[in-house]
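Residue-level structure breakdown
Each chain, written out:
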Amino acid sequence: MTVHEGKEFGVGDLVLLDNITDEAIAQNLKLRFEKGKIYTFVGEVVLSVNPYKQLNIYGQDVVAQYKNREIHERPPHIFALADAAYKTMRRLNTDTCIVISGESGSGKTEASKIIMRYIAAVTNIQQRAEIERVKNILIQSTCILEAFGNAKTNRNDNSSRFGKYMDINFDFKGDPVGGNIENYLLEKSRVVTQHSGERNFHVFYQLLAGAGEKLLSNLQLKRDFKCYAYIKDGSSASQDKADYNNVAAALSALGVTGPHVDTIWRVVAAILHLGNIAFKKDGDTVKVVNEDVLKTVTKLLQIDQKDFGQALLSRTLAARGEVMDKLLTHDEVFYARDAFAKAIYERLFTWLVKQINESIRPLSQSTTYGKNTVIGVLDIYGFEIFESNTFEQFCINYCNEKLQQLFIELVLKQEQEEYQREGITWTPVEYFNNRTICDLVEAQHNGIIALMDEACLNVGNTTDQTFLEAMDKKFAKHAHYASRQTAPQDKTLVHHRDFRIVHYAGDVVYNVVGFLEKNRDPIFQDFKRVLYNSKDQLVAEMWPEGAAHKTQVTKRPLTTATAFKNSMLALAQKLQQKEPHYVRCIKPNELKSSTLFDERLVHHQIRYLNITQNVRVRRAGFAYRSPYKRFLQRYKLICAQTWPNFSGSDRDGCKAIIEAHRMGQDAAFGKTKLFLRSPQSVHYLEEARNAKLPELVILLQRMWRGAIARRRYKQMLAVRTIIGAYRHYKVRSYLQQLTKTFKGVERRPDFGKSLRWPDPPKTLRRFSDYTKAIFNRWRASKVLRRVPQEEWQQVRTKVAAYEALKGRRGCDVTGKWQGNYLATIHDNADSSAYVQSLNTLRSRDSFKLALFSSFVVKLNRNMKQAERAIVVTEKSIYKMEPQKFKCSKGPLSLDLLTGISVSDGNDQLIVLHFSNKMDLVIGLKSPNARQDRIAELVGVLITRIRQAYKRDLKVTVCSREVPCHLGRKSIRILLHSSPPNGGGSPVFHKHSSDTVAFEPGA
Ligand SMILES: Nc1ncnc2c1ncn2[C@@H]1O[C@H](COP(=O)(O)OP(=O)(O)O)[C@@H](O)[C@H]1O
Ligand SMILES: [Mg+2]
């Protein structure tokens, strides 16, 4: 059956009680105890009532129910607290601690083991070997520490006789990577004496019960514990033998090697033998009765027998460089023997703790990722009241006062102070503050410890009694102190022996006898020297201070009480730096019974543990608080207003979140912190946050992808810049080459026509084409500038002719083109008649220019030839008879001219095609047979048509025949195969009805 399946009894959280009184709380605990519900919450504090029987509530199935849950999600259980400490550590990345308090036998050590096992069970999911090793040692080491540090007392069969504070280090993933154990004040007086009904430390009985015959005989031990004075008053226990085997296994798991294990058992055995050394008076001196036992001891410790014998019986005193031996009295000898036994046992214990620490020491920060965090678990001896209470109880109870103080400070005082500081409406809850008791014990100059130290320092005759008197004087009026002297009517206090302290947990009467001796705790230098010189390396190692020479006066070490006080102060400080969690153990009865619930006893514990006040503060208070900044940071993703960024103050951001989730009723807004009343609210917020986290992952991915894309884009830009720069470079060098090539080009005779253009880069091809064109224009303008303005028209004409004919027909553009040839004597003997006739026409038809004129042979409609003269004006072409230059017909309008056909030879045939199909077929005649005027006429016509009609004439160059129209008739002009020069007088011959041969003039 699991916890969760079980029905709840009473209330699981005392905060829910109707009536908050000690009685009601005890009643509730009783009800639950009887039903096997040993755990109860007070908010986040767990109360644990010792069941004194094995309960099946710690299995793997129960672990699974509590793993990763919020503390109040499941029924009360110590697992819930362990998980909270673990979770808090991981969430806030801070150290946490679990403080376990309660009186002796109430279940603290069990609780600490349960917590350890829980943490081991929920960590290292990835099964890393090193973590398993660390966890294994952490768990196994308890068994060694308990063997050497626990004993049966009248309160508890397995009572811790030392305090233990254990840090477990976690890596950033939350796996335990190491740890450290600190031990406090081992009750070593137990090695030599025990109260009746109690036992010495377990290990002595375990060794005798469990060691093999061979080991026993090596150690010269008998199996019967009654043979040994130090342990004979104890009793054997059924599990001693099995425990011995467990210890042996744990030592090997710890990596303690064979020779060291050997030494451990030899030291333990030596102590047993030591107890049996007997002394007798022999006149003024004291003698050892059983030398053989002494010999055994020296053999086991591998120390010098003579030196040891001497050290037992006398003491070396060193003063001002002089050394002298002083013999001890009969009583002193016994005391020295016991001191020796206690000392070597304590050193052995310390060495074991060191050994454990060494094997679980966490790797240094630099070799691990992220921050290491720590969970500290404090399991320290509980409050003790025995029949006779002495120095050890005094220390132990003082320790409990300190822990109670810490609890009050953190849970009651600080909590209430915080509400006030934060301005939350609050009615203070009264509670008993044990500060005054702590002061009584520890105050710098006026505390009991200070008085004790003072008494110890006094040479001369200070005794326990004088120490008691000093206290009586100092604390006569103290409410928490009493002795027969200060309270003469109290017959329970024995004169000159007892004093009482009213502890928070009850009144304890201490027997002052032995206080000073235990506080001084002398172990004589002679012993240390003997041990330092042991042949056993480990033993020698445990006593380094034995190296000092006889004459050297050693510095007095701190007294036991002061050392203990200091370690308590350090501990309190260490705990205060961590987020605390509390387990408060309650003992249901004094009889270790699983059924008895002693209401009076429990009632008492409830009162002194301040549980009622704890419940009150808790009920009125808030389960959760967080600085605004941290709260906003953690939960901003569950509110649209605050995600991803909130622009207002942190406080307003928190308010927005609280309002968005309708938790206003449960929240209070302090000056710097947000408070939430119920743990359920926190639980709810956490759930909401967890639900949102996947979105956050997606967001992160998006951001990351964006970052990658941006980076790529930047690379692209860079590439473009580089390409740009390269192009720039190419362009620049091209331009430089260009300017270099064409430098001074205007002074070259050909204006750079013959220069080779550099090859342009690809991007500048079009540019190059443009510049070439610009250059050509410029060059043309340069060339043209040499030509007088009035000749420009002629140049234009020549260019037009050249463009039309080049490559197809000869085209001579050299020399001056006369144009109006008939007006020259050279061509026309009767030029004056022509000019007169032309003037008549000009005034009749009002044209301005005669662009071209020539004598021609014309093919007429009958395919006969006729001599004529033609004149090309800017408007039309005139045909005249060649004597009197009279026009027989009207002119042919240039408007109708559509094309020109010429032959590819030098002959002077030219056909002008008109749109009315009345083509003009003529051969030009000139006085100079070598002159070719076809090009000139073509040029004139093209230029004129372009200028006047903005169109281009089609110029056809024919090679064998020229097709044309004479009216409706299509005919072909056959060309002479090998024409001589142009000029002369060409002739047409009719060949057939549609062919005419053209012969150039000779
Ligand atoms: N949770 C528990 N379940 C069963 N037995 C328990 C439990 N807690 C304590 N006990 C019993 O009580 C005894 C004393 O407990 P322990 O933890 O040693 O007390 P403390 O350390 O407070 O002196 C244990 O030996 C065990 O028998
Ligand atoms: Mg204990």
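Here, residues in each chain are numbered from 1, in the same order as that chain's written sequence. Chains carry letters from A onward and ligands carry numbers from 1 onward, assigned in written order. This being a predicted model, a pLDDT of at least 70 is required before a residue's local features are given, and a value of 80 or more before pairs of side-chain atoms are given or counted; all residues contribute to the totals for chains, interfaces and linings. To get the side-chain values, take all heavy atoms of the structure and skip hydrogens and water.

Overview of the overall build of the protein
When you go through the protein residue by residue, the secondary structure sums to 29 helices and 31 strands. With respect to the principal axes defined by its C-alpha atoms, the protein has extents near 190 × 70 × 50 Å. Residues counted as buried form 52% of the 1002 residues belonging to the protein. Note on definitions: a residue-residue contact is assigned when non-hydrogen atoms from the two residues lie within 4.5 Å. Counted over contacts in the protein with a minimum sequence separation of 6, partners at least 24 positions apart contribute 64%. We get accessible surface area from the Shrake-Rupley algorithm with a probe of 1.4 Å; when it comes to residues, only the shown protein chains can shield them. Element-wise, carbon and sulfur atoms account for 52% of the exposed surface of the protein, whose accessible area totals about 48400 Å². Charge assignment: positive for Lys and Arg, negative for Asp and Glu; neither His nor the chain ends contribute. Taken as the charge centre is NZ of Lys, CZ of Arg, CG of Asp or CD of Glu, depending on the residue. Separation of charge centres in the protein, based on 148 positive and 106 negative side chains, amounts to 16 Å. Each helix corresponds to a stretch of at least 4 residues labelled H or I by DSSP, and each strand to a stretch of at least 2 residues labelled E; elements are numbered beginning at the N terminus. Three exposure classes are used, based on accessible area relative to the maximum for each residue type with a 1.4 Å probe and protein chains only: buried under 20%, partly exposed in between, and exposed over 50%.

Considering the sheet that holds strand 28 (residues 961-966)
Strand order in the open sheet made by the four strands is 28-29-31-30, with mixed pairing throughout. Edge positions in the sheet fall to strand 28 and strand 30 (987-990), since each has one partner strand and no second. Strand-to-strand twist in this sheet, taken as the mean axis angle between neighbours without regard to direction, amounts to 30°. Here, strands pair whenever DSSP counts at least two bridges between them. Examined bridge by bridge, strand 28 and strand 29 (residues 969-975) share six bridges and lie antiparallel to one another. Axis definition: a line fit to C-alpha positions, over the contact stretch in the case of helices; interaxial angles, taken between N-to-C directions, run 0 to 180 degrees.

Re the coordination of the magnesium ion (ligand 2)
Protein ligation of the magnesium ion (ligand 2) involves Thr109 (OG1) and Ser160 (OG), the donor distances falling in the range 2.0 to 2.2 Å. Of this pair, Thr109 sits in helix 4 (residues 108-122) while Ser160 is found in strand 5 (residues 159-160), placing the two residues 51 residues apart along the sequence. Residue classification places Thr109 among the buried positions, given a relative accessible area of 13%. Residue Ser160 is classed as buried on the basis of its relative accessible area of 9%. Ligating atoms shown are N, O and S within 2.8 Å of the metal, or 3.2 Å for Na, K and Ca, and water is not included, meaning a site may look less than complete.

A short note on unusual backbone geometry
Notably, Arg662 is not glycine yet its phi reads approximately 50°, a positive angle. Mapped onto the elements, Arg662 comes out in the loop between helix 24 (650-660) and strand 18 (667-669). Positive phi, close to 55°, is recorded for Phe885, a residue that is not glycine. By the secondary structure assignment, Phe885 is in the loop between strand 22 (876-880) and strand 23 (892-893).

Details of the site of ligand 1
Summary of the distance rule: residues count as near a molecule or strand when at least one heavy atom falls within 4 Å of that molecule or strand. Close contacts around ligand 1 come from 16 residues, with Asn50, Gly105, Lys108, Thr109 and Glu110 the closest. Whenever a nitrogen or oxygen atom comes within 3.5 Å of another N or O atom, the pair is scored as a polar contact, on the condition that within protein one atom can donate a hydrogen and the other can accept it, and that pairs from neighbouring residues in sequence are kept only if both atoms are in side chains. A distance of 3.0 Å separates an oxygen atom of ligand 1 from a polar backbone atom of Gly107. Contact distances for ligand 1 include 2.8 Å between an oxygen atom and a side-chain N or O atom of Asn156. Protein contact buries 88% of the 550 Å² of open area that ligand 1 shows by itself. Three residue categories are used. Nonpolar comprises Ala, Val, Leu, Ile, Met, Phe, Trp, Tyr, Cys and Pro, charged comprises Asp, Glu, Lys and Arg, and polar comprises the others, including Gly. Residue classes in the shell around ligand 1 are distributed as four nonpolar, eight polar and four charged.

Describing the sheet that holds strand 17 (residues 624-627)
Where strands meet in a sheet, backbone hydrogen bonds hold them as pairs that are either parallel or antiparallel. In spatial order, the strands read 17-19-18; together these three strands make up an open sheet with antiparallel pairing. Taken across any chain shown, the strands that pair with only one partner, and hence form the sheet edges, are strand 17 and strand 18. Here the strands of the sheet are splayed against their neighbours by 20° on average, with no regard to which way each runs. Pairing geometry for strand 18 and strand 19 (residues 673-676), over three bridges, is antiparallel. By the bridge assignment for strand 19, Ala667 is matched with Leu676. Packing of helix 24 onto the sheet brings it into contact with strand 18 and strand 19, and relative to strand 18 it is tilted by some 165°.

Notes on the UniProt feature "binding site: ATP" (unreviewed entry) in the protein
With numbering matched to this structure, UniProt assigns "binding site: ATP" (unreviewed entry) to Gly102, Glu103, Ser104, Gly105, Ser106, Gly107, Lys108 and Thr109. Summarising the element assignment, Lys108 is placed in helix 4. Accessibility expressed as a relative area gives 7% for Lys108, which makes it buried. UniProt positions are given in the numbering used here, feature names are shortened, and annotations may be inferred rather than shown by experiment.

Quick notes on the packing of helix 6 (residues 202-210) against helix 9 (residues 258-274)
The N-to-C vectors of helix 6 and helix 9 enclose an angle of 100°; their axes lie 11 Å apart at closest approach. Comparing their axes, helix 9 and helix 6 come out roughly perpendicular. In contact with Val203, Phe204, Leu207 and Leu208 of helix 6, helix 9 contributes Trp265, Val268, Ala269, Ile271 and Leu272. Considered class by class, the residues forming the contact of helix 6 with helix 9 number nine nonpolar, no polar and no charged. Angle categories are assigned with fixed cut-offs, so that under 35 degrees is roughly parallel, over 145 is roughly antiparallel, 65 to 115 is roughly perpendicular, and the rest are oblique.

Regarding helix 21 (residues 599-608)
Restricting attention to buried positions, one finds in helix 21 the residues Leu601, Val602, His603, Gln605, Ile606 and Tyr608. Against the buried residues of helix 21 lie helix 1 (22-34), helix 13 (391-421), strand 16 (579-586) and helix 22 (611-620). The backbone nitrogen of Arg600 lies 3.1 Å from a side-chain oxygen of the residue at the head of helix 21, namely Asp598. Directly after helix 21, the chain includes Asn610, whose backbone phi takes a positive value near 60°.

Section: the packing of helix 5 (residues 129-149) against helix 12 (residues 330-359)
Running from amino to carboxyl end, helix 5 crosses helix 12 at an angle of 175°, the nearest separation of the two axes being 10 Å. Taken together, the axes of helix 5 and helix 12 lie roughly antiparallel to each other. Residues Arg133, Ile137, Ser141, Ile144, Leu145, Ala147, Phe148 and Gly149 of helix 5 form the contact with helix 12, whose participating residues are Tyr345, Leu348, Phe349, Leu352, Val353, Ile356 and Ser359. Its residues assigned to classes, the contact of helix 5 with helix 12 comprises eleven nonpolar, three polar and one charged.

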